[in-house]
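A closer look at the structure
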Amino acid sequence: MPPLAFEGLQALQQADLQLDALRAEAEHIEDALADHGEIDEARRTLARLTATHEHAHGALRDAELALASVTDQVEQKSKLLYSGTVVSSRELEALQADIDQLMQQRATREESALQAMVAAEEAEAARDEQQDRLDALTTSFAAKQEEGGARLQELATEIPLREREREALLSQNDPVLLATYNSLRARVGGRVLVAVSQGRCTFCHITLPDTLLRQTQHSEKVVFCDSCGRMLFAPR
Ligand SMILES: [Zn+2]
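Computed from a predicted model, the values in this text were never measured in an experiment.

Strand order across the open sheet formed by four strands is β2-β1-β4-β3, with mixed pairing between neighbours. In the strand order of this sheet, the two ends are held by β2 (200-201) and β3 (223-224), each with one partner. Sheet topology places strand β1 (residues 193-197) next to strand β4 (residues 231-233); three bridges connect them, and they run parallel. Following the sheet pairing, L193 is matched in β4 by M231.

Turning to helix α4 (residues 175-188), a few remarks are in order. The end-to-end C-alpha separation of α4 is 20 Å, in line with the 20 Å expected for 14 residues at 1.5 Å each. For α4, the tally of buried residues reaches only one of 14 residues, placing the bulk of the element at the surface. Just beyond α4, the residue with positive phi is G189, at close to 70°.

Before going further, it helps to spend a moment on the domain arrangement of the protein chain. On domain assignment, one finds that the protein chain holds domain 1 (7-27 + 174-233) and domain 2 (36-160). Centre-to-centre, using C-alpha coordinates, domain 1 lies 68 Å away from domain 2. Facing five residues of domain 1, the contacting portion of domain 2 comprises four residues. Of the residues belonging to the side of domain 1 that touches domain 2, the class tally is three nonpolar, no polar and two charged.

Turning next to the nonpolar core. Counting 12 residues, the largest nonpolar core consists of F6, L9, L12, Y181, V192, L193, C201, V223, C225, M231, L232 and F233. At the level of secondary structure, the elements contributing two or more residues to this core comprise α1 (7-34) and β4. Here this core gets three residues from one element, more than from any other, and that element is β4. Setting aside residues up to four positions removed in sequence, L9 forms contacts with N173, L177, Y181 and L193.

With that out of the way, let us pick up the environment of H57. Turning to its location among the elements, H57 is positioned in helix α2 (residues 37-83). For H57, a count of 16 C-beta atoms within 10 Å translates into the label partly exposed. Considered as a pair, H57 and A42 are 15 residues apart in the sequence and their alpha carbons are 22 Å apart.

Attention now moves to the confidence of the model for the protein chain. Mean pLDDT over the protein chain works out to 95, with 99% of the residues at or above the 70 mark. By mean pLDDT, the top-scoring element of the protein chain is helix α3 (residues 89-170) (97), and the lowest-scoring one is helix α5 (residues 210-218) (91).

The next point concerns the environment of S69. Mapped onto the secondary structure, S69 falls in helix α2. Residue class for S69 comes out partly exposed when judged on the 13 C-beta atoms lying within 10 Å of it. In this structure the C-alpha to C-alpha distance between S69 and R106, which are 37 residues apart in sequence, comes to 9.1 Å.

You will see that Q198, though not glycine, has its phi angle at about 50°, which is positive. Along the polypeptide, Q198 turns up in the loop between β1 and β2. Given 6 C-beta atoms within a 10 Å radius, Q198 is considered exposed. With a phi close to 70°, H205 is a non-glycine residue in the positive phi region. Here H205 shows up in the loop between β2 and α5.

Parameters at a glance
- Residues numbered from 1 in each chain as written.
- Predicted model: local features only at pLDDT ≥ 70, side-chain atom pairs only at ≥ 80, totals over all residues.
- Pairing = 2+ DSSP bridges.
- Helix = DSSP H or I, 4+ residues; strand = E, 2+ residues; numbered from the N terminus.
- Expected span 1.5 Å × (residues − 1).
- Buried ≥ 20, exposed ≤ 12 C-beta atoms within 10 Å, placed from the backbone.
- Domains from an automatic or database assignment.
- Contact = placed C-beta atoms within 7 Å.
- Nonpolar A, V, L, I, M, F, W, Y, C, P; charged D, E, K, R; others polar.
- Core = buried A, V, L, I, M, F, W, Y, C linked by C-beta atoms within 7 Å.
- pLDDT = per-residue confidence, 0-100.

Okay, here's the thing in structure tokens:
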């Protein structure tokens, strides 16, 4: 029986591994371009912050109106107080008491308006910041789309080319060896033909028994690693 020739299988495996990498790259790009999650999330956050800002802005307007109204009342009562039309001391005292109470109310409303203003400004800043974040995400996603799209086009040409190259390698292999390689690859994937070096499997690094090593050196039958189950060959 002639020794098994692993050169053809090594070339085939090289082509398969390259194809694996190219297909994985294409898949990775497609996944990345299909994923709008981050932008969608940023948009939802922006909508929420915009609503918060509108609400805070409305509250500020209400607080300012309430302040203006009490200020107006204070002015009118003060005018009346000093107009000379009210002469009875009891009425004057009552008027003064009203004014004092309105002044207190005004102080409270001033405080509220100030708080509402701070809240509105904070809400506006948060909204603007989120808008900037969304703009940056949109820009970088567009760049990613352009770059990824260009690479996908390259891959769409390269992958079929490599597939044809792989096809051409099939005829250079012993059918039995090829069948073993294919079924092992379908089962475990990746690198299934593994060199022996210094008495070890170069995939799982286990030290191989002498009988197995001798078999790989004679290359008369397919030998599998005891530990990882891959096909072994002794490089010449
Ligand atoms: Zn192994």
